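# Architecture and fold: a report
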Amino acid sequence: MSSIEKTDSTFAEIFAAHTGKVSDKWQSYIPAYESLFAEFRDKRIALLEIGIQNGGSLEIYANYFANAEIIIGCDINPKCRLLDYGPGIEVVIGNCTADETRRKITALSPSFDIIIDDGSHVSNDVIVAFLRYFSLVRPGGIYVIEDLHTSYWQQWQGGLFHKKSSIAFLKLLVDAINSEHWGIGESISDLLAAEFPEYRALFSERVLRTIKSVNFANSMCVIRKTGDDAPNALGPHVVKGSEAVVEQSIKALDGMAQIKVDERQNPASDFGHRTIDASGAGAGVPDRDRQKTGNLTIAAIMPVYNGERFLREAIQSVLDQTVYPHEFVIVDDGSTDGSCVIIEEMSRKYPITLIKREKNSGQSASRNFAIKQCKSDLIALIDQDDRWYPNHLDGLLEPFRKFRGGLPLGWVYSDFDDIDEQGLVIARSFINRQTLQNPKRDLVQFLAQGAVTQPSATLISRAAFDAVGGFDENLSGFEDEDLFLRMFRANYDNAYIAHPLSQWRIYDSSYGATYRLAKSQRYYIRKIMTQFPDDKWRGIYYVRDVIAPRFVMTWALMYVRAGRYKNYALMREYAWDIWALIPHLRILRRIALTIVFPILLWPRAGDLLLKAAAKCWRWTSWIRRLKYLATARL
Ligand SMILES: C[S@@+](CC[C@H](N)C(=O)[O-])C[C@H]1O[C@@H](n2cnc3c(N)ncnc32)[C@H](O)[C@@H]1O
């Protein structure tokens with residue numbers, strides 16, 4: 001049973017004389033609480049402590065605050081149910097970060113004068129608890145976080161330079177209370193979201209603006225809420241006295257507000273300036289790198305889904321860039337393998353922002369989500385299994401640096417090399433080995449050849465990306481072609497770098513990936529057939545002469561590949577995909593394919609047929625080549 005005695009003793013005296021349930025506090029906290037609690041002592045306060053363990057602290061608070069309205073303790077440990085108190089003290093069992101627990105607490109008291117977080121001390125819990133419970137602090141009340149020394153320890157998601165530690169978060173609140181002086185038009189939520197996008201849903205600008213002060217002491221932070229009558233504002237000059245022998249003009253300032261400043265041109269206040277330094281030695285882009293980027297900021301974006309196999313190499317290739325990206329965001333799209341562990345480990349050493357998404361939502365949705373969190377001018381995509389050469393960003397930046405007006409540049413892409421699972425080169429210059437139109441100049445060629453690039457080989461203008469509405473989230477394959485096609489149509493130019501700046505890893509992908517690609521391809525074909533119907537007036541038959549023939553070929557290739565794995569079900573599926581395109585072809589092709597279609601439904605025969613057709617194709621191209629040589633000699 002609880003031993004609560006009403007007394008006039010000081011907090012230190014009550015603590016020293018306490019005999020009941022055990023409480024464990026550090027020595028320096030006792031005088032700190034002495035001065036913090038004094039103003040609340042005689043009031044009808046409500047107090048919440050997160051993390052109570054043996055529950056002694058609740059008894060001590062109850063003894064000290066004789067007029068308390070309610071004292072609530074919350075603990076995740078079900079054994080705390082055993083704690084038995086008299087009236088005025090309540091215990092809620094549950095994880096403080098869970099909705100359910102917050103509901104139970106607010107059912108007992110909707111607001112508090114004092115909240116003390118002495119819970120798990122793990123950075124994520126400390127931050128989430130603050131964001132969920134600070135709104136419950138009454139005007140003029142305080143939110144105390146104990147044991148912040150853990151934010152310097154790895155096991156508690158910390159480290160001296162850890163970007164996601166509780167201390168790193170709380171330091172930002174110091175900027176938050178000074179937001180009226182930033183002069184850049186950004187909100188406090190913007191600032192927090194720039195560094196901690198994973199908590200964006202918990203930010204309330206209204207609540208964040210009620211932070212009055214942030215005081216740090218050894219292992220402790222006290223965040224005070226503004227009073228109803230005293231919002232957080234610097235207020236006007238208050239000038240008193242009559243003798244101003246040094247600076248006369250000061251007398252005129254009395255009653256004047258601070259001049260509104262405009263710091264939007266200040267590179268040191270630029271949001272893009274804040275994040276990345278691949279050396280890991282703190283925030284901010286070194287000046288020499290700003291010069292290299294021509295003052296353009298770059299965000300590297302990597303969506304990850306069960307990519308543990310090649311992930312380290314991909315991340316390292318970003319960190320090894322000769323021009324550092326200013327932001328590096330990795331989205332874990334609901335991986336069930338060890339991807340997250342790898343990213344977390346690397347983000348402890350390097351300035352990487354990890355966004356975790358519980359449910360797998362596809363790479364287009366992940367990329368869109370990550371890009372929304374970034375402020376940079378340019379977006380550099382990289383896939384989890386690809387690698388950038390160290391001069392990748394430097395090379396792709398060149399056309400953006402040189403841009404001097406005219407049609408705005410939407411995207412720049414480069415050639416790339418093919419590598420295998422071991423990371424060994426299969427072939428150099430994928431794009432240059434083919435006869436393609438680069439950069440893209442005309443719609444028919446674009447539709448006929450495709451984008452023929454890889455997301456990892458591109459650098460995209462953020463303005464153009466936003467203007468066309470980002471990636472189509474229905475696509476998981478062809479999403480880059482679809483995006484660039486829309487940019488092309490919306491009057492954005494593109495540039496091509498004719499040497500390889502990255503490596504594309506080609507390997508036997510899973511059934512899941514093949515299935516997603518085929519599904520995406522079906523959607524994409526429908527989309528572009530609707531977007532670009534045959535144009536009889538111009539005599540350009542987009543569907544009949546360009547789209548349908550191209551994708552009949554693609555399905556046929558996929559059919560042959562499925563044949564190599566003897567996946568007959570898949571072969572039949574692709575045969576039906578070809579069937580769906582037959583009505584859109586020219587009459588002769590229609591007739592020919594309608595005749596051979598039944599053979600395709602019989603996969604072994606279909607496979608032989610397509611291989612024979614491929615051989616014929618090779619022969620005819622030889623004949624064409626020989627003819628060319630003959631005419632050339634003439
Ligand atoms: C340091 S002890 C609390 C000590 C106590 N305040 C005192 O003064 O003696 C930390 C307590 O936090 C609890 N805890 C840890 N994670 C929690 C969470 N997510 N929600 C609520 N309580 C949590 C633990 O069960 C533990 O009892």
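Since the structure is predicted, the reported quantities are computational estimates derived from the model, not experimental observations.

### Side note on the sheet that holds strand E7 (residues 220–225)
Paired through their backbone hydrogen bonds, the strands of a sheet run either parallel or antiparallel. Sheet architecture is open: seven strands sit in the order E3-E2-E1-E4-E5-E7-E6, paired in mixed fashion. Looking at which strands have only one partner, the edges of the open sheet turn out to be strand E3 (89–93) and strand E6 (211–217). Neighbour to neighbour, the strand axes of the sheet diverge by 15° on average, direction disregarded. Of the pairings in the sheet, the one linking strand E5 (residues 137–145) to E7 comprises four bridges and is antiparallel in character. Among the inter-strand pairings, Tyr 143 is bridged to a residue of E7, identified as Ile 223.

### Notes on the environment of Leu 131
Tracing the sequence through the fold places Leu 131 in helix H5 (residues 123–133). You can call Leu 131 buried: it has 20 C-beta atoms within 10 Å. In contact with Leu 131, other than residues within four places in its own chain, are Tyr 199, Leu 202 and Phe 203.

### Observations regarding the site of the ligand
With respect to spatial proximity, 22 residues lie near the ligand, and among them Gly 51, Gln 53, Ser 57, Cys 96 and Ser 120 are the closest. Contributing elements (two or more residues each) for the shell around the ligand: strand E1 (46–50), helix H3 (56–64) and strand E2 (70–75). Looking at the shell around the ligand residue by residue, the classes come out as five nonpolar, eleven polar and six charged.

### Considerations on the environment of Lys 240
By the secondary structure assignment, Lys 240 is in the loop between E7 and helix H9 (287–292). The exposure class of Lys 240 is exposed, given the 6 C-beta atoms found within 10 Å.

### Some thoughts on the pairing of strand E16 (residues 493–505)
Across a regular strand the side chains alternate sides, sitting on one face of the sheet and then on the other. Within E16, ten of the 13 residues are buried, which leaves the element mostly enclosed by the surrounding structure. Pairing of strand E12 (residues 387–388) with E16 involves two bridges; the strand directions are antiparallel. From the neighbouring strand, Trp 388 faces E16, where its bridge partner is Ser 502. Direction of pairing for strand E13 (residues 409–419) relative to E16: parallel, over a ladder of ten bridges. By the bridge assignment for E16, Ile 419 is matched with Arg 505.

### Some points on the domain arrangement of the chain
If you check the domain split of the chain, you get domain 1 (26–225), domain 2 (292–511) and domain 3 (532–633). Distance between the C-alpha centres of domain 1 and domain 2: 40 Å. Among the residues forming the side of domain 1 that touches domain 2, the class breakdown is three nonpolar, two polar and two charged.

### Focus on the packing of helix H6 (residues 166–177) against helix H7 (residues 188–195)
Where H6 contacts H7, the two axes come as close as 10 Å, and the packing angle between them is 155°. Comparing their axes, H7 and H6 come out roughly antiparallel. Every pair of crossing elements has a handedness; the one defined by H6 and H7 is right-handed. Only Ile 188, Leu 191, Leu 192 and Glu 195 of H7 make contact with H6, whose side of the interface consists of Leu 172, Asp 175 and Ala 176. Considered class by class, the residues forming the contact of H6 with H7 number five nonpolar, no polar and two charged.

Reading the values: rules and limits
- Residues numbered from 1 in each chain as written.
- Predicted model: local features only at pLDDT ≥ 70, side-chain atom pairs only at ≥ 80, totals over all residues.
- Pairing = 2+ DSSP bridges.
- Helix = DSSP H or I, 4+ residues; strand = E, 2+ residues; numbered from the N terminus.
- Axes fitted to C-alpha atoms, helices over the stretch in contact; angles between N-to-C directions.
- Buried ≥ 20, exposed ≤ 12 C-beta atoms within 10 Å, placed from the backbone.
- Contact = placed C-beta atoms within 7 Å.
- Near = placed C-beta within 6 Å.
- Nonpolar A, V, L, I, M, F, W, Y, C, P; charged D, E, K, R; others polar.
- Domains from an automatic or database assignment.
- Parallel < 35°, antiparallel > 145°, perpendicular 65-115°, else oblique.
- Left-handed = near helix turned anticlockwise from the far one by under 90°.

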